[in-house]
Structure formats: C-alpha cells, structure tokens
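Now for the letters of each chain:
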Amino acid sequence: MTAPVKTSWLAAPPPPVAIEIASRRVTVASVAESGGTLAIRGLAIEALPEGVVTPALTGPNLPGRDVVATAVGRALQRGGLGGTKRAALIVPDSVARVSLLPLATIPARASDLDRIVRWQLRKTTPFPLDQAQVTCFTASRGVEATTIAAVVARRDVIMEYEAVTSSLGIHAGTVDLASFNVMNAAIASSGSAGTDSLLVHASTEATTLAILRGGELMFYRHRTAVEDEPLGALVHQTAMYHEDRLGGGRFARVWVAGDGLRPEVRDEISRRLGVDAQIVDVRPAIALPDHGAVSSDVLDALAAPAGMLLRDRKAA
C-alpha cells in the first residue's frame, strides 16, 4: 500500500490504541499481534449528542468538549483500555483541506518540498499558513508527474481535538483524517491491487469522495452539507471524472462509510454506479473478538480506527 497508509500529522508510528472523534460518535480500539496475526483486543463505541462536535475548517469545533471527553473516557473503560497514555487520534475530514498537486520533479530535501507545497497552497487556503499545520505525501506516480497530496489545517483547530485526549492524560502522538484511515482499512482488507475503487465517506456535516487506483489516491473531493449538493449528483460527477479524466470504466469496488450514511443512500449509490456499495469490512485483515454476529454499524465505526492500527503493520 502506498499513498493513504503513510499520511499523518506527525511521522511517528501509530500507537496500539486509536481514538476516533466523529460528529455523532467516538470509537476506541486497540490491536494486539500474536503469531503474526493482528486482532482487535479492545473496542467500544459511544454515541454523542447532536451539536457537541461541529467539524469545520475554522472556528470552534468542540462546543461540547467536556461531553466528548467523558464519552472517550467511558469508551476506554468499556473497551478495557483504561490507563492508556498514548493513542493515535482520528479527526473528521472537515477540519482540513486536501489538495492534489502534480509536480514534474520532487525535490530531494523535505524542506524544499514543504516550501513548494506551501507556495502552491497560499492562494487557496482561507487562513494564513503560519497558523497552519501542513503535511504531504505521495498520492500517485505518473509518467510525467508525481502527485502530492497536501493536507492543511488550522493549528488551533487540531489542538481542540488534542485537548480532549490530553484532558484524559493521553498523548496523541499521531493525528490523521478519518477518510485516509478508512482507505487504509479498505485496501488492507480487500486485496484490490491494480483495480479502481470509489470511497464515499459521509458524515452529518460533509461528504468525502475518493478514487483509488490500487493503493494510489487519484481523486479527492470534500463537500460540506451547507453547500447543499445532493450526494447522488456528487457520485455521478465523480464517476464522470473517473471515466473522462482517468480513463476508467465501472468501478471494481465501491465502499461506503461514515456516521452520516443512511442505508437508502447506500442503495442509491449502488443503483447509480451499477456496483454493489459495501461497507468496509476489516475482518480479512484484522481479527475481531468472537462475540457472535458483528453488526454493520460496528464494522462502520471500526473502519477508521482499524485503518490507523493497520498502518505500518502486516497481518498474516
């Protein structure tokens, strides 16, 4: 796996616990390895009241920070993860802007690449870059150019989310976007090398659509709900881009994820694309505790944390 796997605000390897803060839920999960096989050893999901998390590029994101912190603490206890001191933190897509930048030449020094990326971002970022956290990774490699994915977020917004974990005595050593880690989970679980796939990651406040060619990120689009563009139209436009600009045909796979995706929307996506839209099922890549049937809601909530926990690790 290439592009999505390596994305993070910091370069440290992921801790064994992942915490996701989404609009309507928090999810905590931990992984253990035994005999070369990865398995979830702790998992808990807590619902959040409407309005306590309001993901956005600017402005307050956590008006109910104490409620969120209580939910995270309760989930950690329920998951048998009390006493956690280090965790990877997964935040909503809406807190950052992702740009795909084709570059004919990639500088050898990371500082030179950072300067080029910041130069290209300066006119499209709605706040000063000296107030931002910027990270980048190789999204895809072409004959004529290498495309860099640049991720920019306000530093104070990221600190809001980090304040939740720090209030519980937990250091967030890695912070990353939800959709990137859902991509990790989807790729690791599907064995879809060389095929074109579509991810629709929906929340109550926004939708992210991404096209993956094997493990490479070819297209990324994020639209907030206030832009009032129907999801069906977004999916159609993305499929047309895939056909016209990427030379693609029917997607080999369509994945849907997120706490804002209703079953009827999944059905509509399937009808529009002629491909069965499926939730991301991580069980081929990481074993779950054997407690009987696992609901689709649990698998959906687990996708991003599992994707984070699978980074830089290999299941047998």
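Being a predicted model, the structure only gives us computed values, none of them experimental.

A.B. asks: I tried to follow the overall build of the protein on my own but got confused; where do I start?
C.D. replies: The helix and strand tally for the protein stands at seven helices and 13 strands. On C-alpha atoms alone, the protein measures out to a radius of gyration of 18 Å, which is about the 20 Å that the 2.2 N^0.38 rule sets for 316 residues. With respect to the three principal axes, the spread of C-alpha positions in the protein is 50 × 45 × 45 Å. Classification of the 316 residues of the protein by burial places 55% in the buried group. Residue pairs in contact within the protein that sit at least 24 positions apart in sequence constitute 68% of those at least 6 positions apart. Surface exposure of the protein reaches about 13,900 Å², of which carbon and sulfur atoms provide 51%. Of the charged side chains in the protein, 32 are positive and 32 negative, and the gap between their average positions amounts to 5 Å.

A.B. asks: Just to check I follow, could you spell out the pattern of salt bridges for this structure?
C.D. replies: Opposite charge on two side chains lets them pair, provided their charged atoms get close. With the rule as written, the count across this model stands at twelve salt bridges. Arg272 is paired through a salt bridge with Glu268; the nearest N and O atoms lie 3.2 Å apart. Here Arg272 pairs with Glu268, and both are found in helix 6 (residues 263-273), just four residues apart, close to one helical turn. A salt bridge links Asp281 to Arg283; the nearest nitrogen and oxygen atoms lie 2.7 Å apart. On the basis of relative accessible area, Asp281 is assigned to the partly exposed category, the value being 27%. A relative accessible area of 40% places Arg283 in the partly exposed class. Three or more residues are tied together by salt bridges with common partners; here these are Glu46, Arg74 and Arg78.

A.B. asks: Can you walk me through the nonpolar core in this structure?
C.D. replies: For soluble globular proteins, the rule of thumb is that nonpolar side chains tend to be buried together. With 70 residues, the main nonpolar core has Val68, Tyr161, Leu177, Phe180 and Leu217 as its most contacted residues. Looking at which element gives the most residues to this core, the answer is helix 7 (residues 296-310), with eight residues. Judged by nonpolar contacts, the second largest core, of 21 residues, contains Val200, Met218, Phe219 and Ile269.

A.B. asks: In this structure, what is going on with the side chain of Thr27? I would like to understand it.
C.D. replies: With respect to the helices, strands and loops of the structure, Thr27 is situated in strand 2 (residues 25-34). If sequence neighbours within four positions are ignored, Thr27 has contacts with Ala18, Ile19, Glu20, Leu43, Ala44, Ile45, Ala301 and Pro305.

A.B. asks: What is the right way to look at the sheet that holds strand 1 (residues 17-21) in this model?
C.D. replies: Within a sheet, each strand pairs with its neighbour through backbone hydrogen bonds, oriented either parallel or antiparallel. Read from one edge of the open sheet, five strands run 3-2-1-4-8, paired in mixed fashion. Looking at the sheet topology across the chains shown, the edges are occupied by strand 3 (37-47) and strand 8 (171-177). The mean angle between the axes of side-by-side strands here comes to 20°, regardless of whether they run parallel or antiparallel. Pairing geometry for strand 1 and strand 4 (residues 86-91), over three bridges, is parallel. Among the inter-strand pairings, Glu20 is bridged to a residue of strand 4, identified as Ile90. On top of the sheet, helix 1 (residues 65-78) reaches strand 1, strand 2 and strand 3; it is set at about 140° to strand 3, its chief contact. The sheet strands contacting helix 7 are strand 1, strand 2, strand 3, strand 4 and strand 8, and the helix crosses strand 2 at an angle near 55°.

A.B. asks: What should I look at first to understand the environment of Thr238 in this one?
C.D. replies: By the element assignment, Thr238 lies in helix 5 (residues 231-244). Thr238 sits in the buried class, given a relative accessible area of 0%. The spacing of Thr238 and Val226 is twelve residues in sequence and 19 Å in space, taken between C-alpha atoms. Excluding its chain neighbours within four sequence positions, the residues that come into contact with Thr238 are Leu198, Leu209, Ile211 and Phe219.

A.B. asks: Help me understand the packing of helix 1 against helix 3 (residues 155-166), please; the structure alone is not making it clear to me.
C.D. replies: When two helices pack together, you describe them by how their axes are tilted relative to each other and by the distance separating the axes. Here helix 1 crosses helix 3 at 45°, and the two axes come no closer than 9 Å. Considered as vectors, helix 1 and helix 3 are oriented oblique to each other. Helix-helix and strand crossings are classified by hand; for helix 1 and helix 3 the assignment is right-handed. From helix 1, Arg65, Val68, Ala69 and Val72 reach across to helix 3, where they touch Glu160, Ala163 and Val164.

Reading guide: rules and limits
- Residues numbered from 1 in each chain as written.
- Predicted model: local features only at pLDDT ≥ 70, side-chain atom pairs only at ≥ 80, totals over all residues.
- Heavy atoms only, no water.
- Helix = DSSP H or I, 4+ residues; strand = E, 2+ residues; numbered from the N terminus.
- Rg over C-alpha atoms; globule rule 2.2 N^0.38 Å.
- Buried < 20%, exposed > 50% of the residue type's maximum accessible area, 1.4 Å probe, protein only.
- Contact = heavy atoms within 4.5 Å.
- Areas by Shrake-Rupley, 256 points an atom, 1.4 Å probe, with all protein chains shown as cover.
- Lys, Arg positive; Asp, Glu negative; His and termini not counted.
- Charge placed at Lys NZ, Arg CZ, Asp CG, Glu CD.
- Salt bridge = Lys/Arg side-chain N within 4 Å of Asp/Glu carboxyl O.
- Core = buried A, V, L, I, M, F, W, Y, C linked by side-chain atoms within 4.5 Å.
- Pairing = 2+ DSSP bridges.
- Axes fitted to C-alpha atoms, helices over the stretch in contact; angles between N-to-C directions.
- Parallel < 35°, antiparallel > 145°, perpendicular 65-115°, else oblique.
- Left-handed = near helix turned anticlockwise from the far one by under 90°.

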